[in-house]
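# Analysis of the macromolecular model
Given next are the chains, with one letter for each unit.
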Amino acid sequence: YQNHEDLGMAHIAWSEKSGKLRDKMAKIISCDSSWIMTGFAVAPDLKMEQEADSGTLTFWRCAFNDGQGWSQLAAADQRWLEYLKSEGIDLEGGLYRWWPGAGWSPQDDTDYVNVYVAKDMAMRGRTLHKMWSGLGGVREEIYSGISQCKYPSIWNVSATADNS
């Protein structure tokens with residue numbers, strides 16, 4: 001979607017026109033509540049975004065440490081990306097950051113969600129191998145003390161709309 005209005009229009013269209021498909025989904029998935037998250041790309045993989053109709057997402061829910069916030073996180077992102085570039089390291093996939101919006105539980109201390117997007121589990125595995133082969137220590141040093149991330153989860157996803 002190009003903007004929040006487009007996303008809202010898609011939601012309206014789904015609510016008004018999904019009919020039988022919505023009824024089938026309601027038998028499988030309970031949508032008793034929903035929330036909105038807004039996000040931005042930290043290191044997008046534009047080629048993969050244009051070509052992939054499915055993928056693997058890894059999520060980590062994160063909370064800032066005391067005295068830390070978005071400016072410290074953005075500075076660490078810049079240092080991390082500069083380090084990767086200076087070493088000629090290509091991490092496949094994309095890194096995005098989402099933050100909770102309307103509908104998110106006020107009892108949840110999540111400030112943002114790190115989202116790593118890979119084409120498939122093999123791509124995710126290659127990236128993890130690079131992290132475990134030494135990059136993870138560098139990354140930890142760069143991001144140390146900014147936030148605590150927990151509850152990693154992995155999701156296989158399929159596109160439900162064509163944005164072209």
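For the structure, check the block above.
Within every chain, residues take consecutive numbers counted from 1 along the sequence as written. For this predicted model, a pLDDT threshold of at least 70 governs which residues receive local features, and a threshold of 80 or more governs which side-chain atom pairs are given and counted, while totals over whole chains, interfaces and linings are taken from all residues. Each side-chain value is derived from all of the structure's non-hydrogen atoms; neither hydrogens nor water enter the calculation.

### Here we look at the nonpolar core
The criterion, for reference: Nine residue types can take part in a nonpolar core, namely buried Ala, Val, Leu, Ile, Met, Phe, Trp, Tyr and Cys, and a core is a set of them joined through side-chain atoms within 4.5 Å. Buried, partly exposed and exposed residues are distinguished by accessible area as a fraction of the type maximum, computed with a 1.4 Å probe on protein chains only: under 20%, between the cut-offs, and over 50%, respectively. Here a helix means four or more residues in a row that DSSP labels H or I, a strand means two or more in a row labelled E, and each is numbered from the N terminus. Whether two residues touch is decided by their heavy atoms; if any such pair falls within 4.5 Å, the residues are in contact.
Core analysis: the biggest nonpolar cluster contains twelve residues, these being Cys62, Phe64, Leu73, Ala76, Trp80, Leu84, Tyr112, Met131, Leu135, Ile142, Tyr143 and Ile146. Counting residues per element, the ones that place at least two in this core are β2 (54–64), α4 (70–86) and α5 (121–143). Those residues in contact with Met131 that lie beyond four places of it in its chain are Trp80, Leu91, Gly136 and Arg139. Judged by nonpolar contacts, the second largest core, of ten residues, contains Val113, Val115, Val117 and Ala118.

### A short note on the packing of aromatic side chains
When we look at a pair of aromatic rings, we describe it by the centre distance and by the angle of the planes. Heads up, the condition is: Aromatic pairing here means that ring centres of Phe, Tyr or Trp (its six-membered ring) are within 6.5 Å. Orientation follows from the plane angle: under 30 degrees is stacked, over 60 is edge-to-face, and everything else is tilted. Counted as over-ring charges are cases with an Arg CZ or a Lys NZ within 6 Å of the ring centre that also lie within 35 degrees of the ring normal.
Overall, the coordinates contain nine aromatic pairs when judged by the stated rule. Here the aromatic rings of Phe59 and Trp155 are separated by 6.5 Å at their centres, their planes lie at 80°, and the arrangement is edge-to-face. Note that Phe59 is positioned in strand β2 and Trp155 in strand β5 (residues 147–158), a separation of 96 residues in sequence. In this structure Phe59 comes out as buried when scored by relative accessible area, which is 14%. A centroid spacing of 5.6 Å and a plane angle of 55° characterise the contact between Trp70 and Tyr112, whose relative ring orientation is tilted. Of the two residues, Trp70 sits in helix α4 while Tyr112 sits in strand β4 (residues 112–118), which places them 42 residues apart along the sequence. According to the relative accessible area criterion, Trp70 is partly exposed, its value standing at 36%. Joined through ring pairs, the aromatic side chains of Phe40, Phe64, Trp70, Trp99 and Tyr112 make up one cluster. The ring of Tyr143 carries Arg139 above its face, with NZ or CZ at 4.3 Å from the centroid.

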